[in-house]
Amino acid sequence: MKTVQGSPLALLPLLVFLVIFLGSGIYYSQQNIDFAFYQIKAPVAVLPAIIIAMMMGRETLNQKVETFLKGIGDMNIVMMCMVFLLAGAFASVTKAIGGVDATVNLGLHIIPQQLILPGIFVISAFIATAMGTSMGTIAAMAPIAVGFANTADVSLGLAVGAVIGGAMFGDNLSIISDTTIAATRTQGCEMRDKFKLNFLIATPAAVVTMVVLFVLGDTGSVPQPEEINFLLVLPYLAVLGLALAGVNVLVVLMSGIIIAGITGIYHSSDYTIETLSSNIFDGYSNMLEIMVLSMFIGGLSAIMKARGGLTFLVSLIQRFTERRGLQRRGGEAGISALVSIAGFFTANNTVAILISGSSAQEIATKNGIDGRRSASLLDIFSCVIQGLLPYGAQILLAGSVASMSPLELISNVHYCWLLGLSAIIAIIFGYPKSNAVAAKEPATC
């Protein structure tokens, strides 16, 4: 088999993508435009990078296109796209039937008066874990957190920060989160195995976060929630149960959509088959951007890999680890640094994982790092960076709802700071212990 030589020039298309995406965000920030880093959509920003990739190299144009299309058709990319579509449909249907509101009300009924802020964090974490989206969780919970701050004696920054922290906890751990999907598919491990390992690293950070919120928060009174409708919570509980039981993720999501649809039709005479169909299609539409970007990044990565770009990055980190005799620790630090840097420039944790995934798998293989562990580190550090970026969608959305400066919010997202610290400690001490089995073949999730 022909050995691909490392070439830094092969990384130029990716650098072009980052410069366009980041540069446009900085420009629109200077113009005081809301969601500045999302004015130029990532799937559009990547097009010039693809064009440059096609212009570079000595292969014929047909060979370049073939390599690009093979990257798009990679099983991991196709699997991710399928899950994105079904996850979007599930989120859309459950929201339409009132499942989000019902789940929030259930949580509000069980919050002890002395644990308002930790309670907000727990509710947000549960919703995000069930929904698989931090943005949806923040959209649902941020107004409630603002209401707590206005009616009870709690800090607005701490309340909204607890929502963001809980949302990132769930986004990091959820079986149906796009970050989990991307991390496990690129590292070739089972979702439930990554969840177990990830949980052991994230839980200490979550526990300390709740202690911090309890200590910093003031005791207040919980607003009277609406009546609980347990029936509407059922789809979330069903998805969680099936996922944790190890059922194939496509079956889990399809089952969730069916259960949510039946629940909606049974619960309301106004919710019809036609409405369900429309909600499912809306969910598909919501996932169009990340699905198209996944395909383009898959194709671009295939070209860069064929030309030695990813080999160059891996060799740099490999030399770093060998020079210091760290191997496992250095490899894990390299994986964490790769996804963190990508996240910093793209302001999108899923995109950061997609960009870093192939390189991370090679680093893991060469350093004897378990695929479950590399997947966990990818997901953890992508969520840490995303939850602390002042120009990230999560911070911007929460700041808009709460009328707070994004920079002010960052200091109150205690969970993300603590999660990063917990992961660094895990790297240093090799916790939790796991078999050093590097992922080589994609696993069926």
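Residues numbered from 1 in each chain as written. Predicted model: local features only at pLDDT ≥ 70, side-chain atom pairs only at ≥ 80, totals over all residues. Heavy atoms only, no water.

> How would you summarise the overall build of the chain if you had to cite specific residues and measurements?
A count of helices and strands for the chain gives 22 helices and 0 strands. Across the 445 residues of the chain, 55% fall into the buried class. Here the contacts in the chain between residues at least 6 apart in sequence split such that 81% fall between residues at least 24 apart. Taken as a whole, the chain presents about 18,600 Å² of accessible surface, with 65% of it coming from carbon and sulfur. (Helix = DSSP H or I, 4+ residues; strand = E, 2+ residues; numbered from the N terminus. Buried < 20%, exposed > 50% of the residue type's maximum accessible area, 1.4 Å probe, protein only. Contact = heavy atoms within 4.5 Å. Areas by Shrake-Rupley, 256 points an atom, 1.4 Å probe, with all protein chains shown as cover.)

> Tell me about the nonpolar core, and name the residues and values.
Counting 126 residues, the largest nonpolar core has Phe-17, Ile-120, Ile-164 and Tyr-415 as its most contacted members. Among the elements that take part in this core, helix H5 (residues 75-96) stands out by supplying 11 residues, more than any other. In contact with Ile-120, other than residues within four places in its own chain, are Ile-111, Met-141, Ala-145, Phe-148, Ala-159, Ala-162 and Val-163. Counting residues in each nonpolar core, the second largest holds 5 residues, with Tyr-38, Leu-389, Tyr-391 and Ala-393 among its members. (Core = buried A, V, L, I, M, F, W, Y, C linked by side-chain atoms within 4.5 Å.)

> Give me the pattern of salt bridges: which residues, what numbers.
With the rule as written, the count across this model stands at 7 salt bridges. Glu-332 is paired through a salt bridge with Arg-373; the nearest N and O atoms lie 2.4 Å apart. With a gap of 41 residues between them, Glu-332 in helix H17 (residues 328-346) and Arg-373 in helix H19 (residues 371-386) connect regions that are remote in the sequence. The pair Glu-332 / Arg-373 is uniform in exposure class, with both members buried. (Salt bridge = Lys/Arg side-chain N within 4 Å of Asp/Glu carboxyl O.)

> Could you give an account of the environment of Gly-57, naming the residues involved and the relevant values?
Examined against the element boundaries, Gly-57 turns out to sit in the loop between helix H3 (47-55) and helix H4 (61-72). Looking at Gly-57, the relative accessible area reads 45%, which means it is partly exposed. Considering only alpha carbons, one finds Gly-57 and Ala-10, 47 residues apart in sequence, at a separation of 8.6 Å. Once you skip the residues sitting within four places of it in the chain, Gly-57 turns out to touch Lys-64 and Arg-307.

> Account for the packing of aromatic side chains, naming residues and giving values.
Enumeration according to the criterion identifies 8 aromatic pairs in this entry. Consider the rings of Phe-169 and Tyr-415, whose centres lie 5.7 Å apart with planes at 70°: the pair is edge-to-face. Within this pair, whereas Phe-169 is found in helix H9 (residues 156-173), its partner Tyr-415 is found in helix H22 (residues 414-429), the two being separated by 246 residues in sequence. We classify Phe-169 as buried; its relative accessible area is 12%. According to the relative accessible area criterion, Tyr-415 is buried, its value standing at 0%. (Phe/Tyr/Trp six-rings, centres within 6.5 Å; stacked < 30°, edge-to-face > 60°.)

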